[in-house]
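The lines below spell out each chain.
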Amino acid sequence: MTQQQTEGGDVRLTGISKTYGSFKAVKPLDLTVPQGSFFALLGASGCGKTTTLRMIAGLEEATTGTISLGGRDITDLPPYKRPVNTVFQSYALFPHLDITENVAFGLRRRGIKSVKKQVDDMLELVQLGDFAKRKPHQLSGGQQQRVAVARALINHPQVLLLDEPLGALDLKLRRQMQLELKRIQTEVGITFIHVTHDQEEAMTMADTVAVMNGGRVEQLGAPADLYENPKTTFVANFLGTSNLIEGEIVSAGTDIVVAAGGGKLRLPTERCSAPTANGGKLLLGVRPEKISLAHADDADAIADGRNRVTGRIVDSSFIGVSTQYVVESPAGKALQVYEQNVERRAGLRAGAEVVLHWNPAHTFGLDAAQDIDAGVETVEDAA
Amino acid sequence: MPVLRWIRRNLIVIAGLLTLAYLILPNVVVMVFSFNKPNGRFNYAWQHFSLDAWKDPCGVADMCGSLSLSLQIATWATIGATVLGTMISFALVRYRFRARGAINSLIFLPMAMPEVVMAASLLTLFLNMGAQLGFWTILIAHVMFCLSFVVTAVKARVMSMDPRLEEAARDLYAGPVQTFLRVTLPIAAPGIAAGALLAFALSFDDFIITNFNAGSTVTFPMFVWGSAQRGTPVQINVIGTAMFIIAVLVVVAGQLIANRRKNSAR
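Residues numbered from 1 in each chain as written. Chains lettered and ligands numbered in written order. Predicted model: local features only at pLDDT ≥ 70, side-chain atom pairs only at ≥ 80, totals over all residues.

K.L.:
What's the story with the overall build of chain B in this structure? I'm lost.
P.N.:
Assigned secondary structure in chain B consists of 13 helices and zero strands. Listed N to C, the secondary structure of chain B is α-α-α-α-α-α-α-α-α-α-α-α-α in terms of helices and strands. Taken over the C-alpha trace, chain B has a radius of gyration of 23 Å; the compact-globule value for 266 residues is 18 Å, which it surpasses by more than 25%. The C-alpha extent of chain B, read off along each of the three principal axes, is 70 × 70 × 35 Å. When burial is assessed residue by residue, chain B has 29% of its 266 residues classed as buried. Contacts spanning at least 24 positions in sequence make up 77% of the contacts within chain B whose residues lie at least 6 apart. (Helix = DSSP H or I, 4+ residues; strand = E, 2+ residues; numbered from the N terminus. Rg over C-alpha atoms; globule rule 2.2 N^0.38 Å. Buried ≥ 20, exposed ≤ 12 C-beta atoms within 10 Å, placed from the backbone. Contact = placed C-beta atoms within 7 Å.)

What follows is the structure, encoded as structure tokens:
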């Protein structure tokens, strides 16, 4: 019934929104997911990412807007008529059916009689060939997860929707399944739309990441692009860690010069997403691993033209491959610095006076009118 | 003290056996007396062994007629209460509507109310409506009080069901009817079966409500009650024993099927 009608199959959301009573779960948004891509919707819980996914699946009716798949409008189609399948967060395997029948469910509903070969092939793909006759509750979480993927993929959907499929797995298994899913996606070439709150997971797996916040897409792009050039404080803080320093613009040219924390810092104009009028406020951002640390006594050895901030180490933690420092300075109460442990650096311990320095090209500029702490993971969120 | 230690170690087994004996003893007495050959009309004292009653279970006037009537009423009341009760359970668990809370508590009223009160008020209702007392009034009354038990059993099951399962079915090309038949119903089945069994048992042996609303119709419990005043035929024990054995066989068969299914899944 719903085998691929068209080969070109971009998912296109136009002005799609969802309102529950007076609560706007998803504000009108436009989104295009190119065919064959691995697309991630990333955001904290309650940002509307799952609702968006469920609207694509047809399990949630859109309040406004249209959804089209390969040029065909599917907004009003019920879920069982959409060439789209979902891997649920809780897997939602049918407890009364064995693994074979779970995987064969979609084929049987479409009236396909000889399912044996396809089911066997699919279980082979997810490496569960020996478990065909078991019931779901006799499988581990990771195995159930793979059954859920097989049950969806066997239908050759145009789009596979994954709703936090790895959320219930422990860390090690999660890493393993990330690679596994990526492998399967490359093998079958189907469009994957993956919802997650784990920024590392999104960056590892997806070609394109859409960061969602408060029912809107904050920013969309390739993982590296999002990481290097965040356009909002939310993206800067939610994707990895950022040091954000408040400052006032002194002069603007090819480089913007900003007065911050009693010194002057530079950044390239093209890396600034905010208005650059003289005297205007600006948030300067730099990633912790881009910063180098020097002892205050060795400050003379720092090359000219680098951004410098003086401060005092308040905390350092040894992680193995790197050491993470927290530095208190006039520019910011708790600046983060990650240093690779190439050499032991005895002088850098808590209480030491230091100079932070980095290449101005690694600095990005954000509009100072935003909440500087947006997207910072609090203890509550992490729990 | 080895005796005390032995008792302490086997306390749970002893308690279990005593409870079992307490439950089974009345049934054993009924069973034993079904092989009695009483002197006179009352089957209360053991005389000597006989198979007479088992060879001629319908030998007492009107008894098998009332038994067949009771079985019919129990069957129809079970079907009616199970279908209605299952639908009510799904409505109460899955949907939010006006008066949902009120219905939720009203549905348990027949369980909480003294049976005599309910029986009398039902009779008043039927008389006021000018209804002819008999098969239909009994059936209506039975469906009513069985309903709350079915709803209790099915609701517990539906509440523990993950609504994502039905979403998954719809996502996998099952339309509304297919979703219900292939996923919802099989998963809710144990609760529905439990409710149906309960309804059948309750309807079959109900006396108070039936007695008030039966008119001149006589069901099996009413027959037993009536004959107990004039003398108890041995055939009553035969029917009682047969019902007990059938019930035990059904339970055992159910267990065996469930076990086999579990084993084959491995």
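Moving on from the model shown.
K.L.:
Please clarify how the UniProt feature "domain: ABC transporter" (unreviewed entry) in chain A should be interpreted in this entry.
P.N.:
In this numbering, the UniProt entry assigns the feature "domain: ABC transporter" (unreviewed entry) to residues 11-239 of chain A. What you have in residues 11-239 of chain A is 35% helix and 27% strand, and the ends, taken at the C-alpha atoms, are 25 Å apart. (UniProt positions renumbered as here; feature names shortened; annotations may be inferred.)

K.L.:
What should I look at first to understand the confidence of the model for chain B in this one?
P.N.:
For residues with low pLDDT, the predicted coordinates do not support detailed interpretation. Mean pLDDT over chain B: 90, with 98% of residues reaching 70 or higher. Scoring of the predicted complex yields 0.79 for pTM and 0.80 for ipTM. (pLDDT = per-residue confidence, 0-100.)

K.L.:
Would you take a moment to explain the interface of chain A and chain B for this structure?
P.N.:
Accessible area lost when the parts come together is the quantity often used to give the size of an interface. Listed by partner, the interface residues are 21 residues for chain A and 16 residues for chain B. In terms of residue count, helix α2 (residues 99-109) of chain A provides more of the side of chain A that touches chain B than any other element does, three residues in total. Looking at the side of chain A that touches chain B residue by residue, the classes come out as nine nonpolar, six polar and six charged. (Nonpolar A, V, L, I, M, F, W, Y, C, P; charged D, E, K, R; others polar.)

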